[in-house]
Amino acid sequence: MLTITDAEPNQLPEKTEPDAASPRVLSILSLVLERLVNRNEMLNLSSGGGRLGKNLEVFHGIRPPAITIPKYLDRIYKYTNCSPACFVVGYIYIDRLVHRHPGSLVVSLNVHRLLVTSIMLAAKILDDEHYNNAFYARVGGVTNAELNRLEVEFLFMLDFDLTVTSRVFESYCLYLEREMIMWNGTKLKIESGNRANTIEDIAEISVEDMESFSSSLSNGGLA
């Protein structure tokens, strides 16, 4: 589970080792998001355990998911066939949302639902071909009805501002690449690529109920 303890208040996430078939942007985003969640969880602890991300409570799960951010991003990439740029634009949407609603913090209770919602929206904007909400819901481990509701909430919180100029996109790419260099001295460029899957290929998960990501691939559903 994604948790921060008092005994390790300054612990940074371990360096993420990407799957050989995964684009490098997944490793970079995993690093940035894990550090962001860890920082916000520390803020939560210092405030006495209050729900600092209350403006994003619609995206909150019952408890922090067992699946890690790297595994969750890899799962979305593996099954949805969305371009790597969708992950960058999804991150831009989340960052834009947080800046529009200063009381909103990305924490372990909401990061997974924010990711699947934002990446799905990015795919609809960027990719000529993309899967529907039902497909993304199954990949992300939520019900179709819940993902529909999260999508509407996300859009209204952004005032339907989904435009990302090439200049903004490039500035975020440079920022993410700098973060990776600062973390481990490795310069990684953000690339593009495509694959294809069918809904029958998807192993069901439940973000809240899984004990491990690997076991979910052979079991089932997101509660």
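Placed above this text is the structure.
Re a nonpolar patch on the surface
Right, so step 1: On the surface, Val152, Phe156 and Phe160 cluster together into a nonpolar patch covering about 320 Å² of accessible area.
Right, so step 2: Turning to its location among the elements, Phe160 is positioned in the loop between α6 (144–157) and α7 (166–184).

As for the pattern of salt bridges
Right, so step 1: What the rule picks out here adds up to 6 salt bridges.
Right, so step 2: Between Glu179 and Arg35 there is a salt bridge, with its nearest N and O atoms 3.3 Å apart. One end of the pair, Glu179, is in helix α7; the other, Arg35, is in helix α1 (residues 24–46), with 144 residues separating them in the sequence.
Right, so step 3: Residue class for Glu179 comes out buried when judged on its relative accessible area of 13%.
Right, so step 4: Of the charged contacts in the structure, one is a salt bridge between Asp161 and Arg96, with a shortest N-O distance of 3.5 Å.

Remarks on the packing of aromatic side chains
Right, so step 1: In total, this model carries 5 aromatic pairs according to the counting rule given.
Right, so step 2: Taking 6.3 Å as the distance between ring centres and 55° as the angle between the ring planes, the aromatic pair formed by Tyr77 and Phe87 counts as tilted. With Tyr77 in helix α2 (residues 69–80) and Phe87 in helix α3 (residues 84–100), the pair connects residues that are 10 residues apart, well separated along the chain.
Right, so step 3: Owing to a relative accessible area of 1%, Phe87 belongs among the buried residues under this scheme.
Right, so step 4: Between Tyr131 and Phe135 the ring centres are 3.7 Å apart and the planes differ by 10°, which places this aromatic pair in the stacked class. Pair check on accessibility: Tyr131 and Phe135 agree, each one buried.

Some remarks on α6
Right, so step 1: If you check α6, its first and last C-alpha atoms are 20 Å apart, about what 14 residues at 1.5 Å a residue would give, namely 20 Å.
Right, so step 2: Of the residues making up α6, those classed as buried are Glu146, Leu147, Leu150, Glu151, Phe154, Leu155 and Met157. Buried residues along α6 cover an arc of 165° about the axis, so they all sit on one side. Across from the buried face of α6, at angles greater than 90 degrees, the exposed residues are Ala145 and Phe156.
Right, so step 3: In this structure, the buried side of α6 is in contact with α3, α4 (111–126) and α5 (133–140).
Right, so step 4: One or two residues past the end of α6 sits Asp159, with phi positive at roughly 55°.

Describing the side chain of Arg113
Right, so step 1: Within the fold, Arg113 resides in helix α4.
Right, so step 2: Its relative accessible area of 4% is what places Arg113 among the buried residues.
Right, so step 3: A polar contact of 2.8 Å, which involves the side chain of Arg113, links it to the side chain of Glu146.

Reading guide: rules and limits
- Residues numbered from 1 in each chain as written.
- Predicted model: local features only at pLDDT ≥ 70, side-chain atom pairs only at ≥ 80, totals over all residues.
- Heavy atoms only, no water.
- Patch = residues over 30% accessible without salt bridge, like charges linked within 9 Å, V, L, I, M, F, W, Y side chains within 5 Å.
- Areas by Shrake-Rupley, 256 points an atom, 1.4 Å probe, with all protein chains shown as cover.
- Salt bridge = Lys/Arg side-chain N within 4 Å of Asp/Glu carboxyl O.
- Helix = DSSP H or I, 4+ residues; strand = E, 2+ residues; numbered from the N terminus.
- Buried < 20%, exposed > 50% of the residue type's maximum accessible area, 1.4 Å probe, protein only.
- Phe/Tyr/Trp six-rings, centres within 6.5 Å; stacked < 30°, edge-to-face > 60°.
- Expected span 1.5 Å × (residues − 1).
- Arc of directions from axis to C-beta.
- Contact = heavy atoms within 4.5 Å.
- Polar contact = N/O pair within 3.5 Å; in protein donor to acceptor, adjacent residues only side chain to side chain.

Keep in mind that these numbers describe shape and distance, not what the molecule does.
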